[in-house]
Amino acid sequence: MDILQTLAGSEKFVLTWDIAVVIAVFLIIFLYAFSVNKKKLHMFVLSIYAGFAFISLFPFWNEVVGLARGASVQFISLILFLGFVFLVNFALSGSIFGISFPKLKNKPVFQTTLLATAASGFLTSLVFSDIFGVFGGNLSTITEQFFAQDIAQFVWATTPIVAVFVSRKTSKTE
């Protein structure tokens, strides 16, 4: 199934649980992105990369399996990933709870939107990826094409890097 065919409407679009999760993740990260400064948003993107590296290189899977006691190892790894992202974000930015909703008058809306989209997409693609294997192919066609396939995961992994460079370039020109 081609992405363009899906977007063109040759396949029926049904709002499923995975698309609802995608929408929820994007909304939450957009609210967070517009409530913090750009430095904290960069720290959030960095914490997603650190969480991915942590899960990819974690050497103690045998011990985790022993502690799981009936729980899915994939689910435990997903929880460890999200927990590590939260902890690294908390450590790097000082506090994740220092959220205030500032006025958008002096806020660079384009840069914030770009970084929030990149962070949301990357986090969503990691959660739906085969790395954790929690969802086991039970994804809708559009979610699988835009977040779970190898090419989509590569694009989402490189998007935050490009977004940081673009946001730095536009802030220097302003």
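Residues numbered from 1 in each chain as written. Predicted model: local features only at pLDDT ≥ 70, side-chain atom pairs only at ≥ 80, totals over all residues. Heavy atoms only, no water.

Draft legend 1. The arrangement of the environment of Ser 56 in detail. Its location among the elements puts Ser 56 in helix α3 (residues 38-57). Separated by 21 residues in sequence, Ser 56 and Ser 77 place their C-alpha atoms 9.8 Å apart. (Helix = DSSP H or I, 4+ residues; strand = E, 2+ residues; numbered from the N terminus.)

Draft legend 2. Focus on the packing of aromatic side chains. Counted according to the given criterion, the structure contains seven aromatic pairs. An angle of 10° between the planes, with centres 5.6 Å apart, marks the rings of Phe 147 and Trp 156 as stacked. According to the relative accessible area criterion, Trp 156 is buried, its value standing at 16%. One aromatic cluster is present, built from ring pairs that chain together Phe 26, Phe 147 and Trp 156. (Phe/Tyr/Trp six-rings, centres within 6.5 Å; stacked < 30°, edge-to-face > 60°. Buried < 20%, exposed > 50% of the residue type's maximum accessible area, 1.4 Å probe, protein only.)

Draft legend 3. Highlighting the layout of surface pockets. Of the voids in this model, the largest pocket is the one considered here, and its volume is about 370 Å³. In terms of lining, the largest pocket is formed by 15 residues, of which the most central are Ile 28, Ile 29, Phe 44, Leu 82 and Leu 123. For the lining of the largest pocket, the secondary-structure elements that each account for two or more residues are α2 (17-33), α5 (73-93) and α6 (109-127). Among the elements that take part in the lining of the largest pocket, α2 stands out by supplying five residues, more than any other. For the lining of the largest pocket, a count of residues per class yields 13 nonpolar, two polar and no charged. (1 Å grid on protein atoms, 1.4 Å probe; cavity = no way out; pocket = protein on both sides within 12 Å on 5 of 7 lines; lining within 4 Å. Points joined across faces, edges and corners; volume = space filled by probe spheres on them. Nonpolar A, V, L, I, M, F, W, Y, C, P; charged D, E, K, R; others polar.)

Draft legend 4. Representation of the environment of Val 85 within the structure. Tracing the chain through its elements places Val 85 in helix α5. Residues Val 85 and Leu 46, spaced 39 residues apart in sequence, show a C-alpha to C-alpha distance of 8.8 Å.

Draft legend 5. Focus on the side chain of Ser 35. On the secondary structure map, Ser 35 appears in the loop between α2 and α3. Residue classification places Ser 35 among the buried positions, given a relative accessible area of 4%. Among the polar contacts made by the side chain of Ser 35, one reaches the main-chain carbonyl oxygen of Leu 31 at a distance of 3.1 Å. (Polar contact = N/O pair within 3.5 Å; in protein donor to acceptor, adjacent residues only side chain to side chain.)

Draft legend 6. Structural context of the packing of α3 against α6. At a closest axis distance of 10 Å, the pairing of α3 and α6 adopts a crossing angle of 15°. With respect to each other, α3 and α6 are oriented roughly parallel. Considering only the axes of α3 and α6, their crossing is left-handed. Residues Lys 38, Leu 41, His 42, Phe 44, Val 45, Ile 48, Tyr 49 and Phe 52 of α3 touch α6, and the partners they reach there are Gln 111, Thr 112, Leu 115, Ala 116, Ala 119, Phe 122, Leu 123 and Leu 126. Counted by class, the contact of α3 with α6 contains twelve nonpolar, three polar and one charged residues. (Axes fitted to C-alpha atoms, helices over the stretch in contact; angles between N-to-C directions. Parallel < 35°, antiparallel > 145°, perpendicular 65-115°, else oblique. Left-handed = near helix turned anticlockwise from the far one by under 90°. Contact = heavy atoms within 4.5 Å.)

So, to be careful, I would describe these as geometric facts and stop short of saying anything about function.
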